[in-house]
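# Analysis of the macromolecular model
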Amino acid sequence: MKHPLFSLPVFLALLSVSVPSLAPAGEKSLIDTTRSPQAKFYMPDLADVHWNGGLLGERFDVCRDTMIPHMWTIFSDPNLSHAWDNFLMAAGLGEGRGDGKPHGPPFNDGDLLKWFEALVQIYALAPTPELDRRMDDMIAVIAKAQREDGYLHTQKIIPQRRGQAGAVAKEFEDREHFETYNMGHLITTACLHYRATGKTNLLDLARKAADYIERLCKEHPEELAQNAICPSHYMGVIELYRITRDPRYLELGKQLIEIRSLVPDSVGSDHNQDRMPFRAMTEAVGHAVRANYLYAGVADVFAEDGDASLFKTLSTLADNVASRKLYVTGMTGALYDGASPDGVDHTQHKYIKTVHQAYGRNYQLPNLTAYNETCATIGYGLWIWRMLTVTGDAAYTDLFEQTLYNGVLPGISLEGEHYFYVNPLKKLAEFDVPLRWSRTRMANIKSSFCCPPNVVRTIAEAHNYVYTLSANAVWVHLYAASTLETKWLDGSSIRLRQETDYPWSGAIKLIVDAAPTGPIALKLRIPGWLQDGAASLRINGQPSDALVKPGTYAEVSRAWKAGDVVTLDLGFKPVLLEANPLVEETVNQVAVKYGPLVYCVESNDLPPGVNLKDVAITLATGTEGVAFQRERIVNADVLTLTLPAVALTGAPWQPAQLYREVRAPVAAPIKLKLVPYYAWGNRGDTDMSVWLPAR
């Protein structure tokens, strides 16, 4: 039976709720760094930024109106997902399939909680008593499902409560059961719920879960270390510390890093980044989701603890990814399968283990077979945002923006009901090699539904990343039509409107509606991908003497008054990118980028009779003569580009023909239409490519 949205029976007893005074005003943000010693800034509160249309505002509207409600129809239907059914069974409120067993992947608990996190964000922006009641109903079920000692993993609790014994009911029997991942997402979601509602009914469950992990860390550290799979709990316990200020949780976050060295050699592997102590790492390796979650959690610990040895490793790893292992789309995790350890001498072959969805070697970035799990991209964004937070370095903002637009948004269809698990940069119908995951979006991914709710919560929360605050300063990290109305910790307030068509245009206008009486600095990001001299800045129509340098924040400090206008023109145009020649698969190829957006070609935009693999960009003309066109794809407003190109005609390849003598093809001029990469795959099952041959 399909469960209606939160309409649980009246007899479910709700937990008593209260409005405590744990977090004062200014500490109700997505990631609270208001008191983090190493943080350069902090986020506004959850409801302080609102979209005013634009690309990201449009995606948020679809998220609120379609993505979140539709995903509940999946989670609540036992024929589509067992996530909610397992919670009901663990709470003693359902029978599931009637066989008394949990079903679905073991990480479904955390996946449902990610969806709940998105719901909380929607509530924070537009609170209603009905949505508040429905969340309370759901929390009541989670509370009944959780064990008294704080452990929460429905796939173990269900057999435990039915008197079953053995491996099926034993905690941490299988490190791939994701127990700490599930509890980590409980803690993170609870922190957000507390900040949005002021209630502790979910936060109380999070504290119980964190206390359980803390006891395990003290009594069975090796067992806990072996089970840090996709370690969302690293971020979770630090966020819990930021709310409660309980030093036990900060200490727990620090110890979770240290105990990784206890993992036995027979168990440890790059697959889970536990083959060596964290500080010994010099290269991003292994399962990309697990790696990025780990790095994000360590960055949270550094923000509070200031351990320079942690930051040294984080910085080294971040540089390695950005310069050698990152796709042009901001995605990570290139390979379906890699090796651990990689590059050892032949006498060590017997110790090599398989690594799934691996980072791969430096410069190893395939296109047709790219893995690029959506969760890995989101994890990378979480990590890079935290690196920005503790450095204030605009280079990290560029990376975050690159990932958001080109890595996160493609993970869900424009209409909001179909999902990518993997994200190739090229797709050809003729390449019929079977791979594990579909290269078209799917309506459901029963075996691994982790990515869809991760995308949904990220889109729901994207407005939190546009602006941040520091003492007497507002940082503008992302350009998007939006309104900021917020307060500093001292109670002084500002209201700022951003009018722009970014990323379709580089023209940005910031209008001050209200500001404190004293000087306030506006710190405006000047993207590092701009050419020198391409950006200009004016204050009330007059040129500013602020340093406007790509890759930095231009700072304008003055006493602002209502009606002041800051005009920033980024002046970008389409460009052709090439990759380092060590990236074998893109040699003699180019990609088209416009502002922060990577573009691609889809086969249904090609002239009749032209095959995608026969298309080439002519370097002599490049992007000269480009034509811009605003179009609708499904429900989205996009800007398409049309460039001069050529179609190469030669003898067709035969399926069994691997090599042949070169014969010069005939080049015919064509007009080549490109769409933003995030919008591909929304008009049927098409061929697609980001990289195109250059002539």
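Everything here concerns the structure above.
In short, a report on the structure. (Residues numbered from 1 in each chain as written. Predicted model: local features only at pLDDT ≥ 70, side-chain atom pairs only at ≥ 80, totals over all residues. Heavy atoms only, no water.)

## Side note on the overall build of the protein chain
Within the protein chain, the regular secondary structure consists of 15 helices and 23 strands. Against the compact-globule benchmark of 26 Å for 695 residues, the protein chain has a radius of gyration of 25 Å, which places it among compact chains. Based on the C-alpha atoms only, the size of the protein chain along its principal axes is roughly 75 × 70 × 50 Å. Going through the 695 residues of the protein chain one by one, you find that 60% of them count as buried. In the protein chain, the share of contacts with a sequence separation of at least 24, taken over all contacts with a separation of at least 6, comes to 72%. For the protein chain, the exposed area adds up to about 25900 Å²; of that, 53% sits on carbon and sulfur atoms. A distance of 1 Å separates the average location of the 67 positive side-chain charges in the protein chain from that of its 78 negative side-chain charges. (Helix = DSSP H or I, 4+ residues; strand = E, 2+ residues; numbered from the N terminus. Rg over C-alpha atoms; globule rule 2.2 N^0.38 Å. Buried < 20%, exposed > 50% of the residue type's maximum accessible area, 1.4 Å probe, protein only. Contact = heavy atoms within 4.5 Å. Areas by Shrake-Rupley, 256 points an atom, 1.4 Å probe, with all protein chains shown as cover. Lys, Arg positive; Asp, Glu negative; His and termini not counted. Charge placed at Lys NZ, Arg CZ, Asp CG, Glu CD.)

## Considering the side chain of D398
On the secondary structure map, D398 appears in helix α14 (residues 394–408). Among the residues examined, D398 registers a relative accessible area of 12% and is labelled buried. Engagement of the side chain of D398 in a polar contact is seen with the backbone nitrogen of G528, the distance being 2.7 Å. Residues contacting D398, with those up to four places away along its chain left out, are R525, P527, G528 and W529. (Polar contact = N/O pair within 3.5 Å; in protein donor to acceptor, adjacent residues only side chain to side chain.)

## Considerations on the packing of aromatic side chains
Summed over all chains, the structure comprises 28 aromatic pairs. Judged by centre distance (5.9 Å) and plane angle (55°), the ring pair of F41 and W385 falls under tilted. Of this pair, F41 sits in the segment before β1 (49–51) while W385 is found in helix α13 (residues 374–391), placing the two residues 344 residues apart along the sequence. One exposure class covers both F41 and W385, and it is buried. Ring centres of F420 and W680 lie 5.3 Å apart, and the angle between their planes is 25°; this geometry places the pair in the stacked category. Taken together, the residues F420 in the loop between α14 and β4 (426–427) and W680 in the loop between β21 (666–676) and β22 (688–689) connect sequence positions 260 residues apart. The residues F420 and W680 share a single accessibility class, namely buried. The ring of Y249 carries the charged tip of R248 above its face, separated from the ring centre by 4.9 Å. (Phe/Tyr/Trp six-rings, centres within 6.5 Å; stacked < 30°, edge-to-face > 60°. Lys NZ or Arg CZ within 6 Å of the ring centre and 35° of its normal.)

## A short note on the state of the cysteines
Tallied over the full model, the rule gives 0 disulfides. With no disulfide of its own, C191 has C217 as its nearest cysteine by sulfur position, at a separation of 18 Å. The class for C217 is buried, based on a relative accessible area of 8%. (Disulfide = S-S within 2.5 Å.)

## A look at the environment of L186
With respect to the helices, strands and loops of the structure, L186 is situated in helix α6 (residues 179–197). A relative accessible area of 0% places L186 in the buried class. With 24 residues separating them along the chain, L186 and A210 place their C-alpha atoms 9.6 Å apart. If sequence neighbours within four positions are ignored, L186 has contacts with L113, I142, Q146, L152, L202, L205, A206 and A209.

## Some details on unusual backbone geometry
Put simply, S340 and P341 share a cis peptide bond, and its omega is -10°. Considering the arrangement of structural elements, one finds P341 in the loop between β2 (335–340) and β3 (353–358). With a phi angle near 55°, Q273 is a residue other than glycine that sits in the positive phi range. As for its position among the elements, Q273 is in the loop between α10 (247–258) and α11 (288–305). Using a relative accessible area of 1% as the deciding quantity, one classes Q273 as buried.

## Thoughts on α13
Taking 1.5 Å as the rise per residue, α13 with 18 residues should run 26 Å; its terminal C-alpha atoms sit 26 Å apart, in good agreement. Counting buried positions over the 18 residues of α13 gives 17, a clear majority of the element. Of the residues one or two after α13, G392 is the one with positive phi, at around 70°. (Expected span 1.5 Å × (residues − 1).)

## A word on the environment of F172
Here F172 is to be found in the loop between α5 (154–161) and α6. Ignoring anything within four residues of it in the chain, the contact list for F172 reads Y151, E179, T180, M183, Y212, L216, E223 and N227.

## Details of the pairing of strand β10 (residues 519–526)
Taken across its 8 residues, β10 has 7 buried, putting it largely inside the fold. When strand β6 (residues 473–476) meets β10, the two strands line up parallel, connected through 4 bridges. By the bridge assignment for β10, V476 is matched with L524. Where β10 lies against strand β13 (residues 552–559), 8 bridges are found, and the strand directions are antiparallel. The residue of β13 that forms the bridge with A521 is S557. (Pairing = 2+ DSSP bridges.)

## Some words on the environment of M331
Relative to the helices and strands, M331 resides in the loop between α12 (308–325) and β2. Sequence-distant contacts of M331, defined by excluding residues within four places in its chain, comprise K325, L326, N372, T377, N406, G407, P410, N423 and Y677.

## Let's talk about the sheet that holds strand β9 (residues 507–514)
With antiparallel pairing, 7 strands are arranged side by side in an open sheet as β1-β7-β8-β9-β14-β11-β12. Edge positions in the sheet fall to β1 and β12 (542–543), since each of these pairs with one other strand and no more. Across 6 bridges, the pairing between strand β8 (residues 493–500) and β9 is antiparallel. In the strand pairing of β9, R495 is matched with A514.

## Describing helix α3 (residues 108–125)
An ideal rise of 1.5 Å per residue puts 26 Å on 18 residues; α3 measures up with 27 Å between its terminal C-alpha atoms. Across the 18 residues that make up α3, a large majority, 18, are buried.

## Details of the nonpolar core
F278, Y295, W383, L672 and V690 are the most contacted members of the largest nonpolar core, which totals 232 residues. Filtering out sequence-adjacent residues up to four positions away, Y295 remains in contact with Q273, F278, M281, E283, A284, V285, L314, L317 and W383. (Core = buried A, V, L, I, M, F, W, Y, C linked by side-chain atoms within 4.5 Å.)

## Quick notes on the packing of helix α9 (residues 232–244) against α11
Between α9 and α11, whose axes approach to 7 Å, the crossing angle comes to 25°. In terms of axis orientation, α9 runs roughly parallel to α11. Viewed along their axes, α9 and α11 form a crossing whose handedness is left-handed. Facing S232, Y234, M235, I238, Y241 and R242 of α9, the residues of α11 in contact are Y293, L294, A296, G297, D300, V301, A303 and E304. Of the residues belonging to the contact of α9 with α11, the class tally is 9 nonpolar, 2 polar and 3 charged. (Axes fitted to C-alpha atoms, helices over the stretch in contact; angles between N-to-C directions. Parallel < 35°, antiparallel > 145°, perpendicular 65-115°, else oblique. Left-handed = near helix turned anticlockwise from the far one by under 90°. Nonpolar A, V, L, I, M, F, W, Y, C, P; charged D, E, K, R; others polar.)

## Focus: the sheet that holds β6
Taken together, 4 strands build an open sheet; the order of strands is β5-β6-β10-β13 and the sheet is mixed. Edge strands, defined here as strands with exactly one partner in the open sheet, are β5 (467–470) and β13. Geometrically, the sheet is characterised by an average inter-axis angle of 20° between neighbouring strands, direction not taken into account. One ladder, built from 4 bridges, connects β5 with β6; its direction is antiparallel. When the sheet's bridge partners are listed, L469 is paired in β6 with V474. Lying over the sheet, α14 contacts β10 and β13, oriented at roughly 55° with respect to β10.

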